[in-house]
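# Coordinate inspection notes
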Amino acid sequence: CRIDYQAAPDLLRDRVILVTGAGDGIGKVAAMSFARHGATVVLLGRTTSKLEKVYDEILAEGAPKPAIIPLNLEGATLKDYHDMAEALDKEFGRLDGILHNASLLGRITPFVQYNPELWEQVMQVNINGPIWMTQALIPVLEKSADASVVFTSSSVGRKGRAYWGAYSVSKFATEGFVELLADELEHLGTVRVNSLNPGGTRTAMRKSAYPGEDPLLLRTPEDIMPTYLWLMGPDSQGHSGEKFDAQPPKPSSGA
Ligand code: NDP
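Computed from a predicted structure; not experimentally measured. (Residues numbered from 1 in each chain as written. Predicted model: local features only at pLDDT ≥ 70, side-chain atom pairs only at ≥ 80, totals over all residues.)

Within the protein, the secondary structure is distributed over seven helices and seven strands. Reading the protein from its N end, one meets helices and strands in the order β-α-β-α-β-α-β-α-β-α-β-α-α-β. Overall size of the protein, expressed as C-alpha extent along the three principal axes, is 50 × 40 × 40 Å. When the 255 residues of the protein are sorted by exposure, 45% land in the buried category. Counted over contacts in the protein with a minimum sequence separation of 6, partners at least 24 positions apart contribute 73%. (Helix = DSSP H or I, 4+ residues; strand = E, 2+ residues; numbered from the N terminus. Buried ≥ 20, exposed ≤ 12 C-beta atoms within 10 Å, placed from the backbone. Contact = placed C-beta atoms within 7 Å.)

So, in structure tokens, the structure goes:
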């Protein structure tokens with residue numbers, strides 16, 4: 001956890017960073033924060049109007065002009081991912097970072113009642129989509145001198161918990177994929193891959209997982225940005241295949 005990390009104002013200058021689920025919640029704040037620190041951000045998400053709003057906010061702050069990729073990870077195909085890689089290569093010639101952040105919670109329900117279609121849907125958005133997107137983007141990541149790939153995990157991706165169903169399993173799979181990909185790309189020396197657990201954070205997803213909780217007791221997405229910035233920028237060079245937390249440990253754990 002790097003909650004006290006102070007990011008240099010130009011930490012991400014000249015970096016091209018893709019953020020999935022950039023229209024809302026943690027992804028939106030991360031995209032804005034990366035842009036504020038000099039990055040050209042590529043905003044990917046399923047609701048174009050939300051992405052356009054983030055785009056406008058970034059421009060209004062005078063940060064580098066972002067790009068938008070409207071894509072629903074649920075229906076996305078290998079061709080979509082390859083088209084995306086080609087477009088990024090053409091426009092920027094490289095990719096310096098990915099924040100895999102988009103996720104679906106699915107339902108918090110006893111496993112015996114879990115709907116198989118919903119299970120598939122959650123696995124598609126949370127793990128299968130990000131995996132094939134990453135496969136398509138590896139050649140553009142390899143063109144960067146210092147690329148950071150961050151997968152968003154959860155406390156239920158590190159210790160199983162009753163009723164968390166496909167969400168929990170998708171996050172365990174995320175942790176496993178981070179380990180194997182980090183190991184496979186180690187020889188390049190220029191692409192690191194890590195997992196990050198934001199911890200309980202004030203967003204719509206957290207609200208739907210814990211409807212009775214007072215959101216004011218939670219840290220905001222802005223509060224947890226130091227670790228996001230540290231992982232995306234050069235100060236985390238040399239770290240790969242590791243698990244990070246954006247908040248100090250608490251007795252009660254996050255979504
Ligand atoms: P939100 O639900 O607030 O935001 C998720 C974002 O992902 C939204 O912008 C959403 O788009 C997008 N998204 C969802 N499904 C798809 C899809 N099929 N295709 C493309 N984009 C999609 O979640 P959080 O900000 O809370 O969570 C961000 C990440 O942090 C997730 O990976 C989550 O698992 C993780 N996390 C969050 C915790 C918390 O307490 N908030 C705790 C632990 C982990 P749209 O806006 O259009 O719905």
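After that view of the structure, there is still more to cover.
What follows deals with the site of the ligand. Close contacts around the ligand come from 30 residues, with Gly 21, Gly 25, Thr 47, Ser 103 and Thr 203 the closest. Within the residue set of the shell around the ligand, elements represented by two or more residues are α1 (25–36) and α6 (204–209). A breakdown of the residues in the shell around the ligand according to their chemical character gives nine nonpolar, 16 polar and five charged. (Near = placed C-beta within 6 Å. Nonpolar A, V, L, I, M, F, W, Y, C, P; charged D, E, K, R; others polar.)

Let us now look at the packing of α1 against helix α7 (residues 225–232). For any two helices packed against each other, the geometry is given by the interaxial angle and the distance between the axes. Look at α1 against α7: their axes get within 10 Å of each other, and the N-to-C directions meet at 55°. On the basis of their axis angle, the class for α1 and α7 is oblique. Of the two elements, α1 crosses α7, and the hand of that crossing is right-handed. For the pair α1 and α7, contact is made by Val 29, Ala 30, Ser 33 and Phe 34 and by Met 225, Tyr 228, Leu 229 and Met 232, respectively. (Axes fitted to C-alpha atoms, helices over the stretch in contact; angles between N-to-C directions. Parallel < 35°, antiparallel > 145°, perpendicular 65-115°, else oblique. Left-handed = near helix turned anticlockwise from the far one by under 90°.)

It is worth spelling out the confidence of the model for the protein at this point. For the protein, per-residue confidence averages 97 on the pLDDT scale, and 98% of positions sit at 70 or higher. Overall fold confidence for the complex sits at a pTM of 0.97, while the interface term, ipTM, reaches 0.99. (pLDDT = per-residue confidence, 0-100.)

Residue Asp 14 is not a glycine yet carries a positive backbone phi of 70°. With respect to the element layout, Asp 14 can be found in the segment before β1 (16–20). Since 10 C-beta atoms lie within 10 Å of it, Asp 14 is described here as exposed. Phi is positive for Tyr 163, which is not a glycine, with a value near 80°.

Attention now moves to the environment of Lys 171. Checked against the element boundaries, Lys 171 lands in helix α5 (residues 165–185). Overall, the presence of 26 C-beta atoms within 10 Å leaves Lys 171 in the buried class. With 146 residues separating them in the primary sequence, Lys 171 and Gly 25 have C-alpha atoms 18 Å apart.

Covered by surrounding structure in strand β4 (residues 97–100) are Gly 97 and Leu 99 together with Ile 98 and His 100, the residues of both alternating faces. Across three bridges, β1 lies against β4 in parallel orientation. Residue pairing for β4: Val 19 is matched across the bridge by Leu 99. With four bridges connecting them, β4 and strand β5 (residues 147–152) associate as parallel partners. Its bridge partner lying in β5, Leu 99 is registered against Val 150. In this fold, β4 hands off to helix α4 (residues 116–141), which returns the chain to β5; that crossover is right-handed. (Pairing = 2+ DSSP bridges. Right-handed = clockwise from strand over helix to strand, strands pointing away.)

With six of six residues buried, strand β2 (residues 40–45) lies mostly within the body of the structure. What you see with β2 is no split at all: Thr 40, Val 42 and Leu 44 on one side and Val 41, Leu 43 and Gly 45 on the other are buried throughout. Judged from the five bridges that link them, β1 and β2 form a sheet pairing that is parallel. Directly across from Thr 20, in β2, lies its bridge partner Leu 44.

Glancing now at the sheet that holds β5. Strand order in the open sheet formed by seven strands is β3-β2-β1-β4-β5-β6-β7, with parallel pairing between adjacent strands. Only two strands of the sheet have a single neighbouring strand rather than two, namely β3 (67–70) and β7 (243–245). Strand-to-strand twist of the sheet, defined as the mean angle between neighbouring strand axes without regard to direction, takes the value 20°. Across the sheet, α5 touches β5, β6 (191–197) and β7, and the angle it forms with β6 is around 160°.

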